[in-house]
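What follows is the residue order along each chain.
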Amino acid sequence: HREVKSKAEGVQIGRGGQLRVATTRSDDVHVIFSTDCSPFQSWQSFALFHSAMVVKQPGDVTRIVSGCTDEEHSLMQKWHDDYISPMSPQFHVHFTPAYDHIEGEEGSYKFFNKPFGTLHFLNNAIGLTPTGEIKKPDTVFVLIDPDEFFLAPIRNDFSDQSSLVRTTSLKTPMPKYVTTGHPIAQQFGLGGSWTSYDLATITGDLDSPAKAWTNRDAAEKFAGGPPYLATGTDMLKITKKWSEFVRPTHKFKPGLLAEMYAWCIAAAHVRLPHILLDNLMVSNINVGKGEGWPLVDSIPAPSCALESSHSPVPTFLHLCQYNRVGDFA
């Protein structure tokens, strides 16, 4: 394991200078996403930033890059300044150490970078008060994956019921805004299998509040994924435990989704059930319910003329699936 201790741990926010203060509550959002230092994820980041520019995403968008060497850091910063900053002064990059090692093993799990990188960003780029509280408690942080591209801007405003698709927790009233104590996430169909994990060992707490939630609770209130939306206060609270729980979760149940289950356990441990929405993302046309395809199906022809149809669309296209049209993949 090589943990980078260098200027790569510094905060870089591009040519725009200070982080902008939003002028309205709905626009006080900060989109963040985690990557490694590879050229592949730089291309993903370029496409993500470009899509944010096209839809005129309000607020700040920050790429959190983990594991660059000093030389890679310099090249990455120049690449960001040359190609990303010109799109918007609100597009930033933040560097962190590498966190992808598996303790006691030779292998790695790159998704460890996601919780630890997010925590590093919150602690250092946003900053904490002397009492350990986040300096932007009411800003809504939107955590997405680097392969999620904007189809529409994401705002902290859920008052338009016609643009929402929900298939779970329907008895829970839909709030107009994300507020502290009430995060929102995309429905991901993870179910509640984590309730059978060794939660006492994972959390280090024999009486962890996560143990009190039923399998049904887990499926209806925690089975979400990116985008995750939470106020600064809640994002810090969840991410602290997410970082603490992700390694033991991966040890107990290794696999691609270990970090997502660790998020579920962390949110349950700090008693922050989520409202799950279907319309924040589409990825798989065969998924059935759980994604924003009803909004796509309701777009009048010609479907390419979204700017003139004024039809609500899913917020993100998640390119996590293998797609093929005829001979073209």
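Throughout what follows, the structure given in this document is the object of discussion. Bear in mind that the values here come from a model prediction, so they are computed numbers and not experimental data. (Residues numbered from 1 in each chain as written. Predicted model: local features only at pLDDT ≥ 70, side-chain atom pairs only at ≥ 80, totals over all residues. Heavy atoms only, no water.)

Brief notes about the overall build of the protein chain
- Looking only at helices and strands, the protein chain has nine helices and 11 strands in total.
- Looking at the 329 residues of the protein chain, the share that counts as buried comes to 53%.
- Across the protein chain, every contact between residues at least 6 apart in sequence was considered, and the portion connecting residues at least 24 apart equals 78%.
- About 15,200 Å² of surface is accessible on the protein chain, with carbon and sulfur atoms providing 55% of the total. (Helix = DSSP H or I, 4+ residues; strand = E, 2+ residues; numbered from the N terminus. Buried < 20%, exposed > 50% of the residue type's maximum accessible area, 1.4 Å probe, protein only. Contact = heavy atoms within 4.5 Å. Areas by Shrake-Rupley, 256 points an atom, 1.4 Å probe, with all protein chains shown as cover.)

Thoughts on the packing of helix 6 (residues 232-252) against helix 7 (residues 258-269)
- Between helix 6 and helix 7, the shortest axis-to-axis distance is 7 Å and the interhelical angle comes to 130°. On the basis of their axis angle, the class for helix 6 and helix 7 is oblique. Two packed elements cross with a definite hand, and for helix 6 against helix 7 that hand is right-handed. Where helix 6 approaches helix 7, its residues Met-235, Ile-238, Lys-241, Trp-242, Phe-245, Val-246, Thr-249 and His-250 are matched on the opposing element by Ala-258, Glu-259, Tyr-261, Ala-262, Trp-263, Ile-265, Ala-266, Ala-267 and His-269.
- A breakdown of the residues in the contact of helix 6 with helix 7 according to their chemical character gives 12 nonpolar, three polar and two charged. (Axes fitted to C-alpha atoms, helices over the stretch in contact; angles between N-to-C directions. Parallel < 35°, antiparallel > 145°, perpendicular 65-115°, else oblique. Left-handed = near helix turned anticlockwise from the far one by under 90°. Nonpolar A, V, L, I, M, F, W, Y, C, P; charged D, E, K, R; others polar.)

As for the state of the cysteines
- Inspection of the entire model under this criterion finds one disulfide.
- The residue that forms a disulfide with Cys-37 is Cys-68, at a sulfur-sulfur distance of 2.0 Å. Here Cys-37 and Cys-68 share a disulfide; its torsion about the S-S bond, 100°, makes the bridge right-handed. Of this pair, Cys-37 sits in the loop between strand 2 (29-35) and helix 1 (39-54) while Cys-68 sits in the loop between strand 3 (60-66) and helix 2 (70-84), placing them 31 residues apart in sequence. (Disulfide = S-S within 2.5 Å.)

Remarks on the packing of aromatic side chains
- Summed over all chains, the structure comprises 16 aromatic pairs.
- With a centroid separation of 4.9 Å and an interplanar angle of 85°, the aromatic rings of Trp-242 and Trp-263 are classed as edge-to-face. Note that Trp-242 is positioned in helix 6 and Trp-263 in helix 7, a separation of 21 residues in sequence.
- For Trp-242, a relative accessible area of 0% gives the class buried.
- Here the aromatic cluster, defined as three or more aromatic residues joined through ring pairs, consists of Trp-43, Phe-46, Trp-79 and Tyr-83. (Phe/Tyr/Trp six-rings, centres within 6.5 Å; stacked < 30°, edge-to-face > 60°.)

Topic: the pattern of salt bridges
- One pass over the full model with this rule turns up seven salt bridges.
- Residue Lys-114 pairs with Glu-259 through a salt bridge whose shortest N-O separation is 3.2 Å. Of this pair, Lys-114 sits in helix 3 (residues 113-126) while Glu-259 sits in helix 7, and the two are 145 residues apart along the sequence.
- Overall, the relative accessible area of 6% leaves Lys-114 in the buried class. (Salt bridge = Lys/Arg side-chain N within 4 Å of Asp/Glu carboxyl O.)

Remarks on the nonpolar core
- Core analysis: the biggest nonpolar cluster contains 47 residues, and Phe-121, Leu-122, Trp-194, Trp-263 and Ile-265 have the highest contact counts within it.
- Of all the secondary structure elements, the ones that give two or more residues to this core are helix 3, strand 5 (140-144), helix 4 (199-203), strand 8 (224-231), helix 6 and helix 7.
- If one sorts the elements of this core by residue count, helix 7 sits on top with 10 residues.
- Setting aside chain neighbours within four positions, we find Trp-194 in contact with Leu-199, Ala-210, Trp-213, Ala-218, Phe-222, Tyr-261, Cys-264, Ile-265 and Ala-268. (Core = buried A, V, L, I, M, F, W, Y, C linked by side-chain atoms within 4.5 Å.)

What about the packing of helix 3 against helix 6?
- It is at 9 Å that the axes of helix 3 and helix 6 come closest, and there the two elements cross at 145°. Read as a crossing pair, helix 3 and helix 6 show a hand that is left-handed. Residues Lys-114, Pro-115, Phe-116, Thr-118, Leu-119, Leu-122 and Asn-123 of helix 3 form the contact with helix 6, whose own contacting residues are Met-235, Leu-236, Thr-239, Lys-240, Trp-242, Ser-243, Val-246 and Arg-247.

Some words on the side chain of His-269
- Residue placement: His-269 occurs in helix 7.
- Engagement of the side chain of His-269 in a polar contact is seen with the side chain of Ser-208, the distance being 2.7 Å.
- Residues contacting His-269, with those up to four places away along its chain left out, are Thr-203, Asp-205, Ser-208, Pro-209, Ala-210, Lys-241 and Phe-245. (Polar contact = N/O pair within 3.5 Å; in protein donor to acceptor, adjacent residues only side chain to side chain.)

Notes on the sheet that holds strand 10 (residues 281-282)
- The strand order across the open sheet formed by three strands is 6-11-10, and the pairing between neighbours is mixed. This sheet does not close on itself; its edge strands, each paired only once, are strand 6 (148-150) and strand 10.
- Sheet analysis places strand 10 next to strand 11 (residues 316-318), joined by two bridges and oriented parallel. The residue bridging Val-282 from the neighbouring strand is Leu-317, located in strand 11. (Pairing = 2+ DSSP bridges.)

Purely spatial values, then, with no claim about function.
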